[in-house]
Amino acid sequence: MTTGTTWQEANTNGAYQQALERIAQGVSAERHEIGLVLSPETAGDEFGLLEAAHNARLGNMGRQVHVRGIIEFSNYCRQDCLYCGLRRSNAKLRRYRMSPEQIVEAAAFALEFHGFGTIVLQSGEDPGYPADAIAYVVKAIRQLGPAVTLSVGQRPYEDYELWRKAGADRFLLKFETSDPNLFKELNPSTTLDERLQCLMNLRKLGYQIGTGIILGLPGQTRQMIICDLLLLKELDPEMVSVGPFIPHPGTPLGKAGATAKRDPARLIRATLRAVALSRLMVPLAHIPATTALGVIGKGSRDWVEWAGDYILKVLGDKGGSGWRASAGDWSDPRALALVCGANVIMPDVTPKVFRDSYEIYPGKAGSDGEELSGTIKSIRTMVQNLGMSIASGRGDSPKPQFTAKRCPAESRSGITGEGFGAGKEV
Ligand code: SAH
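Below is a short write-up of the structure. Note that the structure is predicted; figures quoted are calculated from it, not measured. Counting from 1, residues in each chain are numbered in the order their sequence is written. Only residues with pLDDT of at least 70 get local features here, since the model is predicted, and only at 80 or more are side-chain atom pairs given and counted; chain-wide, interface and lining totals rely on the full set of residues.

## Remarks on the sheet that holds strand 9 (residues 389–390)
Point 1. If DSSP finds at least two bridges between two strands, the strands pair. What counts as a helix is a DSSP run of H or I of at least four residues, what counts as a strand is a run of E of at least two, and both are numbered from the N terminus. Across the sheet, three strands lie side by side as 8-1-9; this open sheet has parallel pairing. In this open sheet, the two edge strands, each paired with only one partner strand, are strand 8 (344–345) and strand 9.
Point 2. When strand 1 (residues 64–67) meets strand 9, the two strands line up parallel, connected through two bridges. Paired with Gln64 across the two strands is Ser389, which belongs to strand 9.

Here it is in C-alpha cells:
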C-alpha cells in the first residue's frame, strides 16, 4: 500500500466494499468476508473501513468520549503469562500492594480533579486481597458517586457475586486470543475455557462485561484474529478492548531477537483496523482507545502522514488543519482510534509512587511523571480537536437492560427519553 496517496486518488475494490457493507449492516459475518475486510489492499479501502466504523460509532454511541479513571492497585500476580511484565516469574519487578484505604483515597483524589463517571480498579491476579477487602473498596468508591469496573482476573463465582452485591457494575477480563492452543502456550497457568467460564459467570451475575484481545502476539495468525472477532460478536460484550502487543524485556516474549522485526506503524494500523471491525461487529460496545496504542505511537512517526490523510477525510478541513498545525498532537494514535470506532479513554490515576511499577509492558503512557491535571487537560484538547466532547455520567452500556435498571421511574415515564447515564455534554 502506498503512503501519501490521498483517499480521493486511491482505488477502491468492489468486492471489498461489498463485504464491508454487509458486515456494517450486520447482514453477514462470514469468515472470508471478515478476512477480506481486515486486510485492505488500497488506502481507499482501508479508509473506507475506518470511516464505516466511525459512522457506526456516531450512530450507536454518539459523538461523546467517556473518560474513565483507572487505578492499578496491585502488581502481584499468581499467573505466569508469557507476554506480561507482572507475571509471577518476573523477579525484577518491585512489587506493591495498595491497602483498601489507599485505593479509596486514590479514587477520591482522582474525583477531585475530574468528575469521572467510572473508576476502573485493575490489578494482577493477587490472592493477597480476600474477597471482602475488594467488596469494601467497591462499596466505598460507589458511595463517592461513580460506577465501578473491576479488572482483577479469574476468581471464584462467590467472589464475583460478593462484589456485585457490593455494587460493582462492570468487569473487564480479556480472553486475549480465541485460539485455545495459543492461549495455553501464552498463559500456561490457566486455560481459555476457564477464562470464558469466568465471563459467563460475570454475565449471569448481571455485570456489564468487557473483553478483548491483544493484537500482534507471537504465533497469532490472521485466521486466529478472524476467530477472535467472531467470538467477540458471539459474546456481544458491553465493552471491547483491542490493544497491540508490546514486548516486555523481563518476559520470555520480550527477549532480544523476538522483537527485531517489529514495525510499530504496521501494528498501529492493524490495531486500528481491528478496532474498526470490533465496532462494526459489536456495535453497542464501549471501546477504549487503549493505553498500549498510546505507547507504541511514541516509538514511531511513520504512520503520521497516513493518519493526517484519514483525519482530513473523516473530519474535513476543520479537524485536519487544526491537527496539522499542532504537530505534537500527532504522536498519539489514541486520537485516531477515537475516529475509527473507539469512544472511551482511560487515563491512569494510580498514585505516582506506585504507577511506574505497574509495568505490564514498558513505557506506559502517564508513567512518565505526567500529573493528573495535565493528563486530563491533554485528553480534553484531543477530544475537542476531534470535534467531540467529554461525556458526563456513568457511561453505562446503552443496552436497555443496563440503562433502564439504573433509573426505573424515568424509563417508565418515558418523559425525558434519556436514560440515566446517557451523559450530558459538559
Ligand atoms: N489481571 C487482570 C489485569 C491484567 S493487565 C486480568 O487478567 O484481567 C490488563 C491487560 O493488559 C491484559 O488483559 C492484557 O490484554 C494486557 N497486556 C498484558 N501484557 C501486555 C503486553 N506485553 N502488551 C500488550 N498488552 C498487554
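The structure having been displayed, the exposition proceeds.
## Digging into helix 15 (residues 372–385)
Point 1. For helix 15, with 14 residues, the first-to-last C-alpha span of 20 Å sits near the 20 Å given by 1.5 Å per residue.
Point 2. Around each residue's C-beta, the other C-beta atoms within 10 Å are counted; 20 or more make the residue buried, 12 or fewer make it exposed, and counts in between make it partly exposed. All C-beta atoms are placed from the backbone. All of the buried residues along helix 15 are Leu372, Thr375, Ile379 and Val383. End-on, the buried residues of helix 15 take up no more than an arc of 70 degrees, which puts them together on one face. Seen from the open side of helix 15, the exposed residues pointing more than 90 degrees away from its buried face are Ser373, Gly374, Lys377 and Gln384.
Point 3. Our contact criterion uses C-beta atoms placed from the backbone: two residues qualify when those atoms are within 7 Å. Buried residues belonging to helix 15 abut strand 1, helix 4 (100–113), strand 8 and strand 9.
Point 4. The first or second residue beyond helix 15 is Gly387, which carries a positive phi of 70 degrees. The length a helix should cover is 1.5 Å for every residue beyond the first. Arc definition: it is the arc formed by the directions from the helix axis to the C-beta atoms.

## Let's talk about unusual backbone geometry
For residues other than glycine, phi is negative in most cases, and the peptide bonds are mostly trans.
Point 1. Unlike most non-glycine residues, Glu176 shows phi in positive territory, near 70 degrees.
Point 2. Mapped onto the secondary structure, Glu176 falls in the loop between strand 5 (170–172) and helix 7 (180–186).
Point 3. Positive phi, normally seen in glycine, also occurs at Asp236, with a value near 45 degrees.
Point 4. Along the chain, the position of Asp236 falls in the loop between helix 9 (222–235) and strand 7 (239–244).

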